[in-house]
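Survey of secondary and tertiary structure
Residue strings, one per chain:
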There are 2 protein chains.
Amino acid sequence: MDRGPTMIDVAEAASVSLKTVSRYVNGATNINPELAERIREAVQTLGYRRNLAAASIRPGWTSRMLGLIIGDLGNPYYSTLARGVEREVHARGYILTTASSDEDATRNDELVDRMLEQRVDGLIIVPPYTGGRSWADLPPPLPPRVLVDRPAPEGGGYTVLADNAAGAARAVELLVQEGATRIAFVGDSELISTMAERRQGYESALQAAGIAADPALVDHGVHTDEQAEQAVERLLADQGADAVFAANNRASIGALRAFRARGERVPLIGFDDFESAELTSPATTVVSHDIARMGAIAAQTLLTLIDGDEPAALTTVLPVALRRRGSERAAR
Amino acid sequence: MDRGPTMIDVAEAASVSLKTVSRYVNGATNINPELAERIREAVQTLGYRRNLAAASIRPGWTSRMLGLIIGDLGNPYYSTLARGVEREVHARGYILTTASSDEDATRNDELVDRMLEQRVDGLIIVPPYTGGRSWADLPPPLPPRVLVDRPAPEGGGYTVLADNAAGAARAVELLVQEGATRIAFVGDSELISTMAERRQGYESALQAAGIAADPALVDHGVHTDEQAEQAVERLLADQGADAVFAANNRASIGALRAFRARGERVPLIGFDDFESAELTSPATTVVSHDIARMGAIAAQTLLTLIDGDEPAALTTVLPVALRRRGSERAAR
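Residue numbers run consecutively from 1 along every chain, following the written order of its sequence. Lettering for chains starts from A, numbering for ligands starts from 1, and both go in the order in which the items are written. Under the rules for a predicted model, residues below a pLDDT of 70 receive no local features and side-chain atom pairs below 80 are neither given nor counted, while totals for whole chains, interfaces and linings still include all residues. Side-chain measures here rest on the full set of heavy atoms in the structure, leaving out hydrogens and waters.

Side note on the sheet that holds strand β12 (residues 321-323) of chain A
Strand pairing in a sheet takes place through backbone hydrogen bonds and is either antiparallel or parallel in direction. Residue and element names in this part refer to chain A. Put simply, the rule is: Two strands are said to pair when DSSP picks up at least two bridges between them. A helix here means a DSSP run of H or I that spans at least four residues, while a strand means a run of E at least two residues long, and both kinds are numbered starting from the N terminus. Whether two residues are in contact is decided by their heavy atoms: any pair within 4.5 Å suffices. All axes here are fitted lines through C-alpha atoms, helices being fitted over the stretch that makes contact, and every angle between N-to-C directions spans 0 to 180 degrees.
Read from one edge of the open sheet, six strands run β7-β6-β8-β9-β10-β12, paired in mixed fashion. Edge positions in the sheet fall to β7 (218-219) and β12, since each has one partner strand and no second. Across three bridges, strand β9 (residues 268-271) lies against strand β10 (residues 285-288) in parallel orientation. Bridge pairing in β10 places Phe-271 opposite Val-287. Lying on the sheet, helix α6 (residues 164-177) is in contact with β6 (183-186), β8 (243-246), β9, β10 and β12; it crosses β9 at an angle near 175 degrees.

Shown next as structure tokens:
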């Protein structure tokens, strides 16, 4: 690509020093107004444009670009998170490069490398449960980073999480209050920390209610809504489940599809709200946190680090709320 | 930020020429294996990393980064589109910077400027209906660009669209077949070309059926699902609408909420599929196209342009399919 006019061309056309053009282009406000006007005219006439990428060879340069790595941009959970991050970083003049790791450790590491090559000023990452390289193995310099939704497999670092165990426990408590004794747990791999924590909340609530946990009622093999539909169908038909705790939005959609296919339902509570939860019959009760807010807090934490300040908290845990809508009750 | 070791450091440590290091780092395969191994070791020992941003001062350099500007990443329509673009560009080794314009022309122009400053290799844009600068007013060099979902207000350029008018006409035809005569149109601003085309399809189907279009049944003021709920409530209560054509997914969700609040429904067909369309009672009939595929085709077109080749088509129009699920029928 032709590189177009340079700052030197602008300086010549405006008959000012290169240093003054540089200060103008980088937003300095204390420039002699007459000179500033000459520079403005030269910029417009020549069609000069900053090259932020090329500027990266200068000390103190920053790309004003941040990186976000999530599981899957096509999952509304993650796109809502990404939107929350985007709003916050755009308001501060940054742009955001977002990429999906598909929970693949190798892919995640490649994306990190690509973003480091682009010299992002910071990274926000949902660490894939399949692990990957340790940050300690990467050569410096490394930009600040914040983990969101899950902690690092190796622990440590700035992290923004939801109170998964408490949320799951609250859901299971309510199903028990409504009379369920064989509550199915349907979710993704136990290696995902959010899933392990939700499972823990499920078991602690059963224990508190004096109900023995039956491993046959637990299915951790559900990554898509089709798999969730099959799992719920099987748990209802073969294991006599009398209620379902759906540990994420995919599992909730799958449970609702299984109910529809069978022509009967059992009490259901899902983790994470979803777009049409209020439109199902009955409306679907969920435990959920504010995902966009989780993204915004991760972005604020990262921007604080980039500014060289100390964030208020190393780990931020967001509360989870119960939204009762009717699906927790038995069919009448 | 400390810039870390350079290619010169690697060349010295490996006792090879700078040119050989450069060829190695940029993926050349015809390098003496012994030299390549020495370079590999030096890269690892020193922790050398390419600086793609700084490399931009070299002729022929490309950022291997593409830009995507959509209306709102938080809307599942756009996040599905973004996911379709992402899959395609990642497979080709590019990363993608995605940003939401919120349909704001000024914001869109700022995002274009930011992406040009980052020297993106290409742009995919959903042009905001509020207009904005003409590309002709921007100084060269400009990277290739593809418009998706809507044509440019000024026309021209590579564009990927859906057959909006035919899809809307098909929906309205079916509602008429089911006995409706006062079909409400609920959608976003008529200034959005997709909305104008869907309105056109709505009117042509009414005309073909010999039904006079009543402007009082049309509401183009609906941007959120809350606004859609209010619009449908009003059209049912005050205008005697006996069916609803919801011109996008926000309008469909709003119509379903209005039905729930009233405790009664009328026949409904929506434009664009949505996650829980199969879970409503009755399941929601939609006309829809493959949004992820639209994104993939836009990405393929852009990558063809970047390669210096001629795309197969200037404008690609994707077919729209009817998915009958029951909501088009009157309540029994």
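Moving on, there is more to tell.
Description of the relation of the copies chain A and chain B
Operational definition: Copy-to-copy superposition: least squares on the C-alpha atoms, limited to residues that have pLDDT of at least 70 in both copies.
Superposition of chain A onto chain B requires a rotation of 180 degrees combined with a translation of 0.0 Å along the rotation axis, giving an RMSD of 0.1 Å. The transformation relating the two chain copies, once decomposed into turn and shift, fits a two-fold axis. Most of the interface of chain A is mirrored in chain B, where 100% of its interface residues again form contacts.

Quick notes on the domain arrangement of chain A
Residues and elements named next belong to chain A. For the record, the criterion: The split of the chain into domains comes from an automatic or database domain assignment. Take the accessible area each of two parts loses on contact, using a 1.4 Å probe, and add the two losses: that sum is the buried area.
For chain A, the assigned domains read domain 1 (7-51), domain 2 (65-161 + 291-318) and domain 3 (164-288). For domain 2 versus domain 3, the distance between C-alpha centres works out to 29 Å. With eight residues of domain 2 at the contact, the number on the domain 3 side is eight residues. Contact between domain 2 and domain 3 buries roughly 750 Å² in total, counting both sides, with carbon and sulfur atoms accounting for 59%.

Quick look at the packing of aromatic side chains
Quick reminder of the rule: Stacked, tilted and edge-to-face are the three classes assigned to paired rings of Phe, Tyr and Trp, where Trp is represented by its six-membered ring and a pair needs centres within 6.5 Å; plane angles under 30 degrees give stacked, over 60 edge-to-face, the rest tilted. Think of it in three bands: with a 1.4 Å probe and only protein chains considered, a residue is buried below 20% of the maximum accessible area for its type, exposed above 50%, and partly exposed in between. For a lysine, the NZ atom is tested; for an arginine, the CZ atom; a charge sits over a ring if that atom is within 6 Å of the ring centre and within 35 degrees of the ring normal.
Inspection of the entire model under this criterion finds six aromatic pairs over all chains. On the numbers, 5.5 Å between centres and 90 degrees between planes, the contact of Tyr77(A) with Tyr78(A) is edge-to-face. For Tyr77(A), a relative accessible area of 6% puts it in the buried group. For Tyr78(A), a relative accessible area of 8% gives the class buried. With a centroid separation of 5.8 Å and 55 degrees between ring planes, the pair formed by Phe185(B) and Phe245(B) is classed as tilted. Of this pair, Phe185(B) sits in strand β6 (residues 183-186) while Phe245(B) sits in strand β8 (residues 243-246); the two residues are 60 residues apart in sequence, bridging distant segments of the chain. Phe245(B) gets classed as buried once you look at its relative accessible area, which sits at 0%. By way of ring pairs, the aromatic residues Phe185(A), Tyr202(A) and Phe245(A) are connected into one cluster. Arg145(B) extends its terminal NZ or CZ atom over the ring of Trp135(B), reaching a point 4.2 Å from the ring centre. A cation over an aromatic ring shows up here: Arg198(B) above the ring of Phe271(B), its NZ or CZ 3.6 Å from the ring centre.

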